[in-house]
Amino acid sequence: MGEHQSRNPEWGFATRAIHVGQEPDPVTGATVPPIHPTSTYTQASPGKHKGYEYSRSGNPTRVGLERCLAALEGGARGAAFASGSAATAAVFATLSPGDKVVAYSDVYGGTFRLLKRVFEGFGLVPVFTDETSPAAFARLIDSRTKLVWLESPTNPLLRCLDIAAIAEHTHRAGAKLAVDNTFATPALQLPIALGADYVVHSTTKYIGGHSDVIGGAVITRDEPLMERLAFLQNAMGGVPGPFDCFLQHRGIKTLAIRMERHCANALAIARHLKGHAKLARVVYPFLEDHPDNALAKKQMCGGGGIVTIVFKDRGGDRGDRASALRFCESVRVFSLAESLGGVESLVNHPAIMTHASIPKEVRESRGITDGLVRLSVGIEDVVDLLADLEQALDKA
Ligand SMILES: *Cc1c(COP(=O)(O)O)cnc(C)c1O
């Protein structure tokens, strides 16, 4: 363990993804370390143990995953949770009544719900900006602000927020910046290097990568913050089981190569669909006409695996909603399903599915219309994906 750990910083991303926290088992030599399904640990004498006492407070399979995630994000330590939502809740739980939280209004729906319907009741003061600019954040950040929360790219409009600039405004006020890096992953974007204090993940998505597990994580480079998070992880108890940790860690080993293919397929699809007669818009951060293209290219090394398309309103039964629904019903390689980030391609109709809880007027004012469809582009052969999209567009 010691030798591997001391070599970490020299390793490239893919090497860290495959080796950190995956050292051969010292007892048997097993190249892939065993899963540890145990709740407790046998002690030699009261208080004399090997670093583990009870699996809510620590489990070797979980620790391996946490070390790997920290190494990928450039953090000192990580804490794994049973879901992205549990990880998000743990960050909010570091705050105290009266603390102000500044966030972009179009954050993940579950994050908005946690702030408004859970933590506001415990005295946090959430404030939201409808604008993505650092200046808009600066206007809301004041001496009561303790946390700034952002996602980049956002869901489903893929707006990019300037992490470095917002980090500067945040730190000037003495607050901490948390970045939900679920959409980009550390393969494409490193928020801690850009100034973030916390990185949060729904590992359910690209990190796990196979649509077969729910999980979350928080990573930070700040030791006092990590102490507090580790305390909350144990105290609140929202920990993942060892089998789930194993699945996530197994997924991570191919993260670098998966993200390369997600990005290549998504860019090819975005370029192919752009200008299609039935589409009003094709949204992808690495397309030149994306409103945040320059920023995206500056802070990410790939455009990600999500492409958002908006159908034209051609009237009657060829309205944008009707076209979008026919398209969603007609795909064959893509599956119509919520979630994203797995190896298989998915389509999602946010207005009816993932974003249905947002009132229609609010949704539409944010550009999430009934003609909008989100594609989570998988890593299948791109020719098959393009052919599938073409035949579904014909029917739309
Ligand atoms: C899915 C998601 C979450 C919530 O994660 P769960 O694992 O579903 O609890 C948070 N943020 C983003 C950006 C997500 O996509």
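Residues numbered from 1 in each chain as written. Predicted model: local features only at pLDDT ≥ 70, side-chain atom pairs only at ≥ 80, totals over all residues. Heavy atoms only, no water.

Side note on the overall build of the protein chain
Then, number 1: Helix and strand content of the protein chain: 14 helices and twelve strands.
Then, number 2: A globule of 396 residues ought to have a C-alpha radius of gyration of about 21 Å, and the protein chain, at 22 Å, matches this closely.
Then, number 3: Principal-axis analysis of the C-alpha atoms gives the protein chain an extent of 75 × 50 × 35 Å.
Then, number 4: Per-residue burial for the protein chain yields a buried fraction of 53% across its 396 residues.
Then, number 5: In the protein chain, the share of contacts with a sequence separation of at least 24, taken over all contacts with a separation of at least 6, comes to 69%. (Helix = DSSP H or I, 4+ residues; strand = E, 2+ residues; numbered from the N terminus. Rg over C-alpha atoms; globule rule 2.2 N^0.38 Å. Buried < 20%, exposed > 50% of the residue type's maximum accessible area, 1.4 Å probe, protein only. Contact = heavy atoms within 4.5 Å.)

Let's talk about the packing of helix 4 (residues 84–92) against helix 5 (residues 109–119)
Then, number 1: Two numbers describe how helix 4 lies on helix 5: the axes approach to 10 Å, and their chain directions differ by 50 degrees. The orientation of helix 4 relative to helix 5 falls into the category oblique. The way helix 4 lies across helix 5 gives a crossing that is right-handed. Each of Ser85, Thr88, Ala89 and Phe92 in helix 4 lies in contact with helix 5, whose residues at this interface are Thr111, Leu114, Leu115 and Phe119.
Then, number 2: Its residues assigned to classes, the contact of helix 4 with helix 5 comprises five nonpolar, three polar and no charged. (Axes fitted to C-alpha atoms, helices over the stretch in contact; angles between N-to-C directions. Parallel < 35°, antiparallel > 145°, perpendicular 65-115°, else oblique. Left-handed = near helix turned anticlockwise from the far one by under 90°. Nonpolar A, V, L, I, M, F, W, Y, C, P; charged D, E, K, R; others polar.)

Some points on the domain arrangement of the protein chain
Then, number 1: In terms of domain boundaries, the protein chain breaks down into domain 1 (7–252) and domain 2 (257–395).
Then, number 2: A straight line from the C-alpha centre of domain 1 to that of domain 2 covers 27 Å.
Then, number 3: Tallying the contact residues gives 30 residues for domain 1 and 37 residues for domain 2.
Then, number 4: A buried area of about 2700 Å², summed over both sides, lies between domain 1 and domain 2, and 58% of it is on carbon and sulfur atoms.
Then, number 5: At the surface where domain 1 touches domain 2, the tally comes to three salt bridges.
Then, number 6: In this structure, the salt-bridge partner of Asp106 is Arg366, at a minimum N-O distance of 3.8 Å.
Then, number 7: Viewed at the interface, domain 2 and domain 1 are joined by 16 residue pairs in polar contact (both at pLDDT 80 or more).
Then, number 8: The residue inventory of the side of domain 1 that touches domain 2, partitioned by class, reads 15 nonpolar, eleven polar and four charged. (Domains from an automatic or database assignment. Buried area = accessible area lost by both parts, 1.4 Å probe. Salt bridge = Lys/Arg side-chain N within 4 Å of Asp/Glu carboxyl O. Polar contact = N/O pair within 3.5 Å; in protein donor to acceptor, adjacent residues only side chain to side chain.)

Here we look at the site of the ligand
Then, number 1: What surrounds the ligand is the set Ser83, Gly84, Ser85, Tyr108, Glu151, Asp180, Thr182, Phe183, Ser202, Thr204, Lys205 and Gly215.
Then, number 2: In this structure, an oxygen atom belonging to the ligand sits 2.9 Å away from a side-chain N or O atom of Ser202.
Then, number 3: A total of 380 Å² of accessible area belongs to the ligand in isolation, and the protein chains cover 92% of it.
Then, number 4: Taken together, the residues that form the shell around the ligand break down as two nonpolar, seven polar and three charged. (Near = heavy atom within 4 Å. Areas by Shrake-Rupley, 256 points an atom, 1.4 Å probe, with all protein chains shown as cover.)

Let's talk about the pattern of salt bridges
Then, number 1: Considering all chains together, one arrives at 18 salt bridges under this definition.
Then, number 2: Here Asp292 makes a salt bridge to Arg159, at a shortest N to O gap of 2.7 Å. Remark: Arg159 occurs in the loop between strand 4 (145–151) and helix 7 (163–172) and Asp292 occurs in the loop between strand 8 (279–283) and helix 11 (293–299); sequence separation between them is 133 residues.
Then, number 3: Put simply, Asp162 and Lys298 hold a salt bridge, and the shortest N to O gap is 4.0 Å. With a gap of 136 residues between them, Asp162 in the loop between strand 4 and helix 7 and Lys298 in helix 11 connect regions that are remote in the sequence.

Some points on the sheet that holds strand 11 (residues 346–348)
Then, number 1: On the basis of which strands lie adjacent, the open sheet formed by five strands has the order 8-9-12-11-10 and mixed pairing. In this open sheet, the two strands that pair with only one neighbour each are strand 8 and strand 10 (335–336).
Then, number 2: Strand direction decides the pairing type here: strand 10 and strand 11, joined by two bridges, are parallel. When the bridges of strand 11 are listed, Ser335 appears paired with Leu346.
Then, number 3: Each of strand 9 (306–311), strand 10, strand 11 and strand 12 (372–376) touches helix 12 (residues 320–330); the most contacted strand, strand 9, lies at about 135 degrees to it. (Pairing = 2+ DSSP bridges.)

Topic: helix 10 (residues 255–273)
Then, number 1: Spanning 19 residues, helix 10 covers 26 Å between terminal C-alpha atoms, matching the ideal 27 Å at 1.5 Å per step.
Then, number 2: Taken together, the buried positions of helix 10 are Leu255, Ala256, Arg258, Met259, His262, Cys263, Asn265, Ala266, Ile269, Ala270 and Leu273.
Then, number 3: Two residues or fewer past helix 10, Gly275 is found with a positive phi of approximately 85 degrees. (Expected span 1.5 Å × (residues − 1).)

Some details on the pairing of strand 9
For a regular strand, side chains alternate in direction, first toward one face of the sheet and then toward the other.
Then, number 1: Here strand 9 lies mainly inside the structure; six of its six residues are buried.
Then, number 2: Across the two faces of strand 9 the burial is the same, with Ile306, Thr308 and Val310 and Val307, Ile309 and Phe311 all buried.
Then, number 3: Bridge count between strand 8 and strand 9: four bridges; the pairing is antiparallel. What sits directly across from Arg281, in strand 9, is Val310.
Then, number 4: Relative to strand 12, strand 9 runs antiparallel, the two being bridged by five bridges. If you follow Val310 over to strand 12, its bridge partner there is Leu372.

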